[in-house]
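Single-letter residue listing:
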Amino acid sequence: MDRVIVVGGGLAGVRAAEALRGKGYEGALTLVSAERHMPYDRPPLSKAVLAGDSDDTTVDADWDALRCEVLLGERATGLRLDAPGRDGRGGGTVATTAGDLPFDGLVIATGAEPVTLPGDGRQHVLRTIDDSRDLRGRLTEGARIVIVGAGWIGAEVATTAAKKGCAVTVVEAADTPLAVALGQEIGALTIPWYAEAGVELRTGVKVAAVEHGGLALAGPGGGERIDADEVVVGIGVRPALGWLDGSGLLLERGVVTDGSFRAVTDDEAGAVRTDVVAVGDCAAWWSERYGRRLLVEHWDTALNAPDVAAAALLGQEAVYDAAPYFWSEQFGRMVQYAGHHARSERLVHRGDPSGRKWAVAWLTGDRLDAILTVDSPRDLVQARRVIAAGTPVDPEAIADPGVPVRQAVRG
């Protein structure tokens, strides 16, 4: 290859550029970023940046050594793929606001876009550093802040807003926080955290629209309203795929890829394009570990997956088989999760959830599928190793917080 284009200026895009150079690619390299900021980390946006403890999360990258042209404030608007040869390579052209960019190899790392609600009132989302800085200035003492969504982002924003003396209300359509991510049984265990922080939590409530000065709620009676100085919407994201419509790539919730992040075509053959890879929040990649396609919208995957994608683009053998991992800082607690539990057979509690430190584990037979820990970093670290190795565990030992996770492994 003589020319590689990386579309997306987030962490996954930067790490892809670094991995390509680290694996010996010497050709031209261009990174296209819709934002006008140099690539930066996003997890601090709902934590340190929103709290005012930090204002710069720029990724530490040596751009001179990377010999990478960076096009800031430019968007990809379309993709044309040339017919591939027998080796699956054909190259193509990325249409951008800066002009057409031909390529031999393409990295798709355009991430995701926040879902918003209907209505003509002002609603804040938290996806960019500009979003975080803008919202930070509005979290003043006494301000009425209404947050739609009791997921990870909603809880983190509520935490900071409450600390700043705001009057905070969180509205959640499900019956518990984190119902989609963790299930209602585990989500319910976090309900007391809101009251403890002085945050009003309203579950089972659906929003009809964001209006000027508040929310209009949906329901049998209709007409109920919650007044607010600021409305924050944290109800999820969707992969940014609009520019790929009509490209010939298979798009199902994300860019469909194999276990090496090589893109799949949408024709009957479903062929793999060895000249196109996708990573980060927009990639729906095949996990051999879990026997299904995963779309993981977390920092750890954006950090580590590009190494495999770069290897695949350069024709090297590599497969990504890591267990997903993420963390959240909310209401004075460090919440961490590792693994994937969608098809697990049973849930095991590890410790008393009414206390400060506890965990839950998901098992299939004697295999540890996933773990959620609250203020228990040692359990998390040891469990990640067990999950990665796939070694069997004793369910009774896993349920005993007095037994280190590593000692619950069966010999």
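Residues numbered from 1 in each chain as written. Predicted model: local features only at pLDDT ≥ 70, side-chain atom pairs only at ≥ 80, totals over all residues. Heavy atoms only, no water.

- Within an unreviewed UniProt entry, the label attached to the protein chain reads FAD-dependent oxidoreductase, and the organism entered is Actinomadura nitritigenes.
- UniProt annotates the protein chain under Cofactor (unreviewed entry) with the comment "FAD". (UniProt positions renumbered as here; feature names shortened; annotations may be inferred.)

## Structural notes on the packing of aromatic side chains
For any pair of aromatic rings, the description consists of the separation of the ring centres together with the inter-plane angle of the planes.
Next, step 1: For the structure shown, the criterion picks out 10 aromatic pairs.
Next, step 2: With centroids separated by 4.9 Å and ring planes inclined at 70 degrees, the aromatic side chains of Trp 152 and Phe 326 adopt a geometry described as edge-to-face. Placement of Trp 152 in helix 5 (residues 152-163) and of Phe 326 in strand 22 (residues 325-330) is noted, with a sequence separation of 174 residues between them.
Next, step 3: We classify Trp 152 as buried; its relative accessible area is 17%.
Next, step 4: Residue classification places Phe 326 among the buried positions, given a relative accessible area of 10%.
Next, step 5: Ring plane angle 25 degrees and centroid distance 6.2 Å describe the contact between Tyr 325 and Trp 327, whose orientation is recorded as stacked.
Next, step 6: Judged by relative accessible area, which is 11%, Tyr 325 ranks as buried. (Phe/Tyr/Trp six-rings, centres within 6.5 Å; stacked < 30°, edge-to-face > 60°. Helix = DSSP H or I, 4+ residues; strand = E, 2+ residues; numbered from the N terminus. Buried < 20%, exposed > 50% of the residue type's maximum accessible area, 1.4 Å probe, protein only.)

## Comments concerning the UniProt feature "domain: Reductase C-terminal" (unreviewed entry) in the protein chain
Next, step 1: UniProt marks residues 325-408 with the feature "domain: Reductase C-terminal" (unreviewed entry), using the numbering shown here.
Next, step 2: Secondary structure within residues 325-408 divides into 20% helix and 39% strand; the distance between the first and last C-alpha atoms comes to 21 Å.

## Some thoughts on the environment of Thr 160
Next, step 1: As for its placement among the helices and strands, Thr 160 is situated in helix 5.
Next, step 2: Linking Thr 160 and Thr 110, residues 50 residues apart in sequence, is a C-alpha distance of 28 Å.
Next, step 3: Not counting the four nearest positions on each side in its chain, Thr 160 is found in contact with Ser 46, Lys 47, Leu 50, Ala 51 and Leu 139. (Contact = heavy atoms within 4.5 Å.)

## Some remarks on the sheet that holds strand 5 (residues 92-96)
Next, step 1: Spatially, the 3 strands line up as an open sheet ordered 4-5-6, and their pairing is antiparallel. Two strands lie at the open edges of the sheet, namely strand 4 (76-81) and strand 6 (99-103), each paired on one side alone. For this sheet the average axis-to-axis angle between neighbouring strands, irrespective of direction, equals 20 degrees.
Next, step 2: Bridge count between strand 5 and strand 6: 5 bridges; the pairing is antiparallel. Across the sheet, Thr 96 pairs through a bridge with Gly 99, a residue of strand 6. (Pairing = 2+ DSSP bridges. Axes fitted to C-alpha atoms, helices over the stretch in contact; angles between N-to-C directions.)

## Thoughts on helix 4 (residues 129-136)
Next, step 1: Considered for burial, the residues of helix 4 that qualify are Ile 129, Ser 132 and Leu 135. Buried residues of helix 4 fall within an arc of 135 degrees about the axis and therefore sit on the same side. (Arc of directions from axis to C-beta.)

## Description of the sheet that holds strand 12 (residues 206-211)
In a beta sheet, neighbouring strands are held together by backbone hydrogen bonds and run either parallel or antiparallel to one another.
Next, step 1: Strand order in the open sheet formed by 3 strands is 12-13-14, and the pairing between neighbours is antiparallel. What marks the edges here is a single partner per strand, and that holds for strand 12 and strand 14 (225-227). Each neighbouring strand pair of the sheet contributes to a mean axis angle of 25 degrees, computed without reference to strand direction.
Next, step 2: Summarising the sheet, strand 12 and strand 13 (residues 214-218) pair through 5 bridges and their orientation is antiparallel. By the bridge assignment for strand 13, Val 210 is matched with Leu 215.

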